[in-house]
Amino acid sequence: MAEAADIQGMKHSPARRWLGRTAAVAAGVPLLAGLLGGLAAPQASAAGSSASPLSAATTGAATGSPASAAAEPSGPNTVSVALDTLAPSAPTKGDTLTISGTVTNKSKKTVTDAQVDLRVGPQLTGRTAIDDAVERSNDTTYDPLPVGGKYKVEFAKLASGISYDFALSVPVSKLGLGADGVYQLGVTLTGRTAAEPYDHTLGVRRTFLPWQPDSVDKKTRFTYLWPLISTSHVSAETGSDDQQTPVFENDDLAQELAPGGRLEQLVSLGSQLPVTWVVDPDLLATVEAMTDPYRVKQGKSTVAGKNQLVARTWLNSLEKAVQDNPNIVALPFGDPDLASLAHGGESVSGTLGHLQSSSEVAGKTVETILHVPPATDFAWPADGAVDPSIVDVATSAGADKVISRSDSIQDNLPYTASAARPIGGGTTAVVSDTRLSTAFDGDVTKAGSSTLAVQKFLAQSLAVNLQDPSKQRDIVVAPQRTPSASQAQSMARALQGLDGQRWTQSSDLVAAAAAEPDTNANTKVPGPTRYPDKLRKQELPASAFEDLKGMGERLGKFKAILTLPDRVATPFANAVNRAVSTSWRGNAKGAEQYRDSVNRYLTSLASEVQLIQKSELTLSGRSATIPVTVQNQLLQGVDNLVLRLQSTNATRLKLDDGSAVTEQPIKIDGGHTQVVKFTGAANANGPVELKAQLYTTDNRPYGSPMTFQVRVSELTPTVMLVIAGGVLMLVLAGVKMYSQRKRAVAAKAAEDKAAADAGADAGADAGGDAGGDSADDGDSPGGGPDNGTDDGASPAPDTAASDPSADPAAPPAEASATRKTPDDLDGAGPGQPSDPAPDTRPESGDPSGKGEKVDR
């Protein structure tokens, strides 16, 4: 039967106890208070051995004020005691308990006659008694007697600031343990100082020893969640290749996957434990992407990732581990922050749509990669804190089981109730135990702090079972979401301490959620005012969801114009899910930078389809063509776009069908441009501003508008009439000139023909007379013609008479030029003096100038 202080809301609330334990572990203060009256152990006189000094560094947490404090440490604060190992952590009959650790003198003076002893205190009744023991950590008033005998370690002296090792091995039978339960176990150092030269306690470290040597009939069914969750590492950017090579924001995940890393330790340890894997599908998808070539941002460029082997090794190890233990729960993709969505995103339309899509892809991702179907109907708010709005958001995405915590849904019961609680609407709250879930929240990097955390965890688990041994209950432990490597190791040690299954038996989350609920347990979800302020301050602001809404709208428009929209739809949808991840809690700046990065990349992609700015255009005439250029610099084609052109002054310039607005469909292949031609009709002179804008087929503007000036120079009808008259006159003048030219040519041709005919006739007459004379005067010796003339025609001279060079007294050439021989008329006679350079070409139709010599 548990004590009344276990009831929520009484003296020690769960929140107060949680804060107390966290502060104690973080600051390194003692875990336990003074022992309450003791079981006297027989004193023995066996001597111990002195340990060798190590170094000046203190290896355990101090039990009092730090050594650097102004006041000289005194009393139980003089020496710090650290318990590095305690094995077995839950002993049975016949075991030997081994405790090792270090002692460090924090004072400035030497401690003499020092002795390390083991002291066993009384049994602690109930879980609250364990918490109270922590609050009395410095009280040494009621220290029981030491086990004594040979079970001690002696030091002649402890020098200032030096750490010394010790080890105690004591048979369990010598501890004087009684009934089953949780016992206090203290390690003390007694000695003398110059200021206090008598034996007294100078240092103490207390822990818990669970004692349940035999198995009980009604064991607690124990479910431990083993989270595989990380922060967001992948950007929305992908390569231009067919494989769409992913681009990582950083390569930090490789450190977690490498041997000794956080995630490597979780898989390595979890494969040997009876746990329920709780997996963020985004982590699996990210690691799988790393198994192939990937890129990592480095400044404004990217470099090739080099951790493919690390990723493959981790993924193979996980796949093997879940084959042996297929208890897997898949969270929504990216592990979205349900509380932030409920409190900051509920007023922003479309926010919950992201959550639904992340839930739909979760199961497929896990099964595809690990080849094991997971449970997908669980939601896990941060720290298990819930209110009605958080439950509503969780169930809207398809979850009907919400993992909560007992400091959120509190019970007023003298025992720890089973985890499953029906909270209405077909939804089950799986309430995890706060004390057990937060046992390893603190700093457990040192062996001493880890050992104390493990012993406290085991003590609380046994205390749960001892509350009511007649009832078998289902207890769920939901630890921190991203445990460190040292925390994972401490958690594994604690679960290994339960291997004997003397008071617990392993179970899984699905079974715990389906277990019959306790009718006395609280099933009411706390109101909004009960939600912790500390958690609310870590949530994403409403402005973050406004940013995501705007990004979603731009993404929708961008996808609508693409011929291959899936190449951008999936990367950006995943990026939106990552932007609302629970991992951003406590890192508001990092969350904002990630959103900005996604926004910038989407904007840069969308701007690859744009209008090319035009310079001022001049139109002359009543109508003209107006070209507008659309550019597509994407690697895929665009379609479902319309280019709309608008005239701001339709009176001066109308478009196409006479309206002020016209449009044409756009379809451009990747890496090309398209010139779209519009027709403009001018009605008046002057400048007109035109506005070009791309639209999607659902009439949403795409990109920025482009404006440009068109200067109209339109010709009026009067001007056109004058110009037409002038052209007509030019045509008529040309016709007249052509007619005159033609008549002149014809007259010249007639004149030439008449002159030729006259010459021919004259030649014929002269030839007839010469022939007659020859026939009649056949006795003449020369046979030459008569020198007389007929009808005024000059007789042909003889050769000597016609050659001026032969007769200096010959008449001038002008006189002889009027006479032509028959040979001259035929064109075959001897050349005349005018032959070498005729004055006029034979084909010329122009009339001969006055006195011009013409050869015919």
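Throughout what follows, the structure given in this document is the object of discussion. A quick note: this is a predicted structure, and the numbers were derived from the prediction, not measured. (Residues numbered from 1 in each chain as written. Predicted model: local features only at pLDDT ≥ 70, side-chain atom pairs only at ≥ 80, totals over all residues. Heavy atoms only, no water.)

## Quick word on the pairing of strand E27 (residues 672-682)
Consecutive side chains along a regular strand alternate between the two faces of the sheet.
Alright, step 1. In terms of strand pairing, strand E23 (residues 623-632) meets E27 through 10 bridges, oriented antiparallel. When the bridges of E27 are listed, Asn-632 appears paired with His-672.
Alright, step 2. Pairing of strand E25 (residues 653-655) with E27 involves 3 bridges; the strand directions are antiparallel. Along E27, the bridge assignment pairs Lys-654 with Ala-681. (Pairing = 2+ DSSP bridges. Helix = DSSP H or I, 4+ residues; strand = E, 2+ residues; numbered from the N terminus.)

## Side note on the sheet that holds strand E21 (residues 609-611)
Alright, step 1. Strand order in the open sheet made by the 4 strands is E21-E23-E27-E25, with antiparallel pairing throughout. The two strands at the open ends of the sheet, each matched to only one other strand, are E21 and E25. Across the sheet, the axes of successive neighbouring strands diverge by a mean angle of 35°, strand direction being ignored.
Alright, step 2. As paired strands, E21 and E23 are joined by 3 bridges and run antiparallel to one another. From the neighbouring strand, Leu-611 faces E23, where its bridge partner is Val-630. (Axes fitted to C-alpha atoms, helices over the stretch in contact; angles between N-to-C directions.)

## Observations concerning helix H2 (residues 127-135)
Alright, step 1. Counting buried positions over the 9 residues of H2 gives 8, a clear majority of the element.
Alright, step 2. Of the residues making up H2, those classed as buried are Arg-127, Thr-128, Ala-129, Ile-130, Asp-131, Asp-132, Ala-133 and Val-134. (Buried < 20%, exposed > 50% of the residue type's maximum accessible area, 1.4 Å probe, protein only.)

## What to know about the pattern of salt bridges
Alright, step 1. Under the criterion given, the structure shown has 21 salt bridges.
Alright, step 2. A salt bridge links Arg-127 to Asp-433, with the shortest nitrogen-to-oxygen separation between them at 2.8 Å. With Arg-127 in helix H2 and Asp-433 in the loop between strand E18 (427-432) and helix H10 (434-437), the pair connects residues that are 306 residues apart, well separated along the chain.
Alright, step 3. Judged by its relative accessible area of 7%, Asp-433 is buried.
Alright, step 4. Salt-bridge contacts for Lys-297 lead to Glu-249; the nearest nitrogen and oxygen are separated by 3.4 Å. Taken together, the residues Lys-297 in strand E12 (residues 295-298) and Glu-249 in the loop between strand E10 (246-248) and helix H3 (253-257) connect sequence positions 48 residues apart.
Alright, step 5. Judged by its relative accessible area of 25%, Lys-297 is partly exposed.
Alright, step 6. For Glu-249, a relative accessible area of 23% puts it in the partly exposed group.
Alright, step 7. Each of Asp-113, Arg-192 and Asp-199 takes part in salt bridges that share partners, so that together they form one network. (Salt bridge = Lys/Arg side-chain N within 4 Å of Asp/Glu carboxyl O.)

## Description of the packing of helix H4 (residues 262-270) against helix H6 (residues 308-324)
Alright, step 1. Direction vectors running N to C along H4 and H6 enclose 25°, while the axes themselves pass 9 Å from each other. With respect to their mutual orientation, H4 and H6 come out roughly parallel. Pair H4 / H6 crosses with left-handed handedness. Facing Leu-263, Glu-264 and Val-267 of H4, the residues of H6 in contact are Trp-314, Ser-317 and Leu-318. (Parallel < 35°, antiparallel > 145°, perpendicular 65-115°, else oblique. Left-handed = near helix turned anticlockwise from the far one by under 90°. Contact = heavy atoms within 4.5 Å.)

## Examining the sheet that holds strand E1 (residues 79-87)
Alright, step 1. Overall, antiparallel pairing links the 3 strands, which are arranged E1-E2-E5 in an open sheet. The open sheet is flanked by E1 and strand E5 (163-171), the only strands paired with a single partner. Averaged over all neighbouring strand pairs, the angle between strand axes comes to 20°, with direction disregarded.
Alright, step 2. Relative to E5, strand E2 (residues 96-105) is paired through 9 bridges, and the arrangement is antiparallel. Considered in E5, the bridge of Thr-96 is made with Pro-171.

## Details of unusual backbone geometry
Alright, step 1. Residue Ala-87 is joined to Pro-88 through a cis peptide bond whose omega torsion reads -10°.
Alright, step 2. On the secondary structure map, Pro-88 appears in the loop between E1 and E2.
Alright, step 3. Although it is not a glycine, Gln-501 sits at a positive phi angle of roughly 50°.
Alright, step 4. Take Gln-501: it is sitting in the loop between helix H12 (485-496) and strand E20 (504-506).

## Considerations on the packing of helix H5 (residues 281-290) against helix H8 (residues 351-370)
Alright, step 1. Where H5 contacts H8, the two axes come as close as 9 Å, and the packing angle between them is 45°. On the basis of their axis angle, the class for H5 and H8 is oblique. Crossing of H5 over H8 shows left-handed handedness. Residues Pro-281, Leu-284, Ala-285 and Glu-288 of H5 touch H8, and the partners they reach there are Ala-362, Thr-365, Val-366, Ile-369 and Leu-370.
Alright, step 2. A per-class count over the contact of H5 with H8 returns 7 nonpolar, 1 polar and 1 charged. (Nonpolar A, V, L, I, M, F, W, Y, C, P; charged D, E, K, R; others polar.)

## With respect to the nonpolar core
Alright, step 1. The biggest cluster of nonpolar side chains holds 74 residues, and the ones touching the most others in it are Phe-558, Phe-572, Val-628, Leu-643, Leu-645 and Leu-694.
Alright, step 2. Apart from the residues lying within four places of it in its own chain, the contact partners of Leu-694 are Val-609, Leu-611, Val-630, Leu-641, Val-642, Leu-643, Ile-666, Arg-700, Pro-701 and Tyr-702.
Alright, step 3. Core analysis: the next-biggest nonpolar cluster, separate from the first, contains 64 residues, Ala-129, Leu-263, Leu-266 and Tyr-294 among them. (Core = buried A, V, L, I, M, F, W, Y, C linked by side-chain atoms within 4.5 Å.)

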